[in-house]
Amino acid sequence: MKKNIKIMFPATTDTVITMYTDKDYFLNKYKNLGAQNIALLDESFEEGKFSINIKRCLPADVPVPSFAKKFFSGTMTIVQRDTWDASSKTGRLDIEFKGVPVEASCDMKLVDEGDGSALLMGWNINVKVPLIGGKLEKVLMEDMSKKVELDHLESAKLLNAYM
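The present account deals with the structure reproduced in this document. (Residues numbered from 1 in each chain as written. Predicted model: local features only at pLDDT ≥ 70, side-chain atom pairs only at ≥ 80, totals over all residues. Heavy atoms only, no water.)

Next up on the list: the pattern of salt bridges. In total, this model carries 11 salt bridges according to the counting rule given. Here aspartate 94 ties to arginine 92 by a salt bridge, and the two come within 3.0 Å at their closest N and O atoms. Taking relative accessible area as the criterion, aspartate 94 reaches 32% and is therefore assigned partly exposed. With a shortest N-O distance of 3.9 Å, lysine 157 and glutamate 154 are connected by a salt bridge. In this pair, lysine 157 and glutamate 154 both sit in helix H3 (residues 133-159), three residues apart, roughly one turn of the helix. (Salt bridge = Lys/Arg side-chain N within 4 Å of Asp/Glu carboxyl O. Buried < 20%, exposed > 50% of the residue type's maximum accessible area, 1.4 Å probe, protein only. Helix = DSSP H or I, 4+ residues; strand = E, 2+ residues; numbered from the N terminus.)

If you want it as structure tokens, here you go:
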């Protein structure tokens with residue numbers, strides 16, 4: 001299932017890309033959003049190309065139907081890789097949900113808009129469970145949209161340190 005999301009920042013793309021290419025931004029964001037057992041697996045920033053891979057645990061609070069509860073109970077371990085090209089201001093994130101048959105990815109582009117900037121996100125969620133995968137994708141996309149908004153609110157707070 002695919003979905004496009006646009007979020008706005010009160011800063012230029014140059015400022016936002018500086019934040020998005022700083023490992024401390026990611027570590028602080030995840031801590032502030034309540035993640036546990038946050039581990040920086042790897043990080044690099046060479047020739048304008050940034051990559052960060054972080055593992056973290058989150059409560060499995062996805063509102064899935066009862067038939068899917070076995071996949072989403074207790075806590076979830078997530079491994080997320082974010083990559084950014086600082087010059088083109090394009091990026092991608094890939095999320096691996098440990099022990100859950102779900103793939104999530106997002107292509108991203110920062111564009112200047114008005115006095116600030118916009119992050120254009122193209123999400124793709126794929127649930128690899130026969131018969132019920134499509135239903136779960138819809139539920140997960142709704143949940144992901146809510147989590148993107150929470151992530152954005154925290155990112156907007158952290159952005160102040162880069163302005």
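What follows continues from the structure just given.
With that out of the way, let us pick up the pairing of strand E6 (residues 102-113). By the bridge criterion, seven bridges tie strand E5 (residues 90-97) to E6 in an arrangement that is antiparallel. Bridge pairing in E6 links glycine 91 to methionine 108. The loop that links E5 with its antiparallel partner E6 comprises four residues; one of these, glycine 99, has a positive phi angle of about 80°. Pairing between E6 and strand E7 (residues 116-127): 12 bridges, direction antiparallel. Bridge pairing in E7 links leucine 110 to leucine 119. A loop of two residues connects E6 with E7, the two strands running antiparallel in sequence, and glycine 114 in this loop sits at a positive phi of about 60°. (Pairing = 2+ DSSP bridges.)

Residues Leu33, Leu150 and Leu153 make up a contiguous nonpolar surface patch of about 270 Å² in total accessible area. Relative to the helices and strands, leucine 33 resides in the loop between helix H2 (23-32) and strand E2 (36-46). (Patch = residues over 30% accessible without salt bridge, like charges linked within 9 Å, V, L, I, M, F, W, Y side chains within 5 Å. Areas by Shrake-Rupley, 256 points an atom, 1.4 Å probe, with all protein chains shown as cover.)

Time to look at the sheet that holds E6. Read from one edge to the other, the open sheet built from seven strands follows the order E1-E7-E6-E5-E4-E3-E2, with strand pairing classed as antiparallel. Each having just a single partner strand, strand E1 (2-9) and E2 make up the two edges of the open sheet. Between one strand axis and the next, the sheet turns through 15° on average, direction left out of account. As defined by bridge partners, strand E3 (residues 49-59) adjoins strand E4 (residues 75-85) across 11 bridges and the pair is classed as antiparallel. From the neighbouring strand, serine 51 faces E4, where its bridge partner is threonine 83. Of the strands in this sheet, E1, E3, E4, E6 and E7 touch helix H1 (residues 13-20), which is tilted by about 145° from E6. (Axes fitted to C-alpha atoms, helices over the stretch in contact; angles between N-to-C directions. Contact = heavy atoms within 4.5 Å.)

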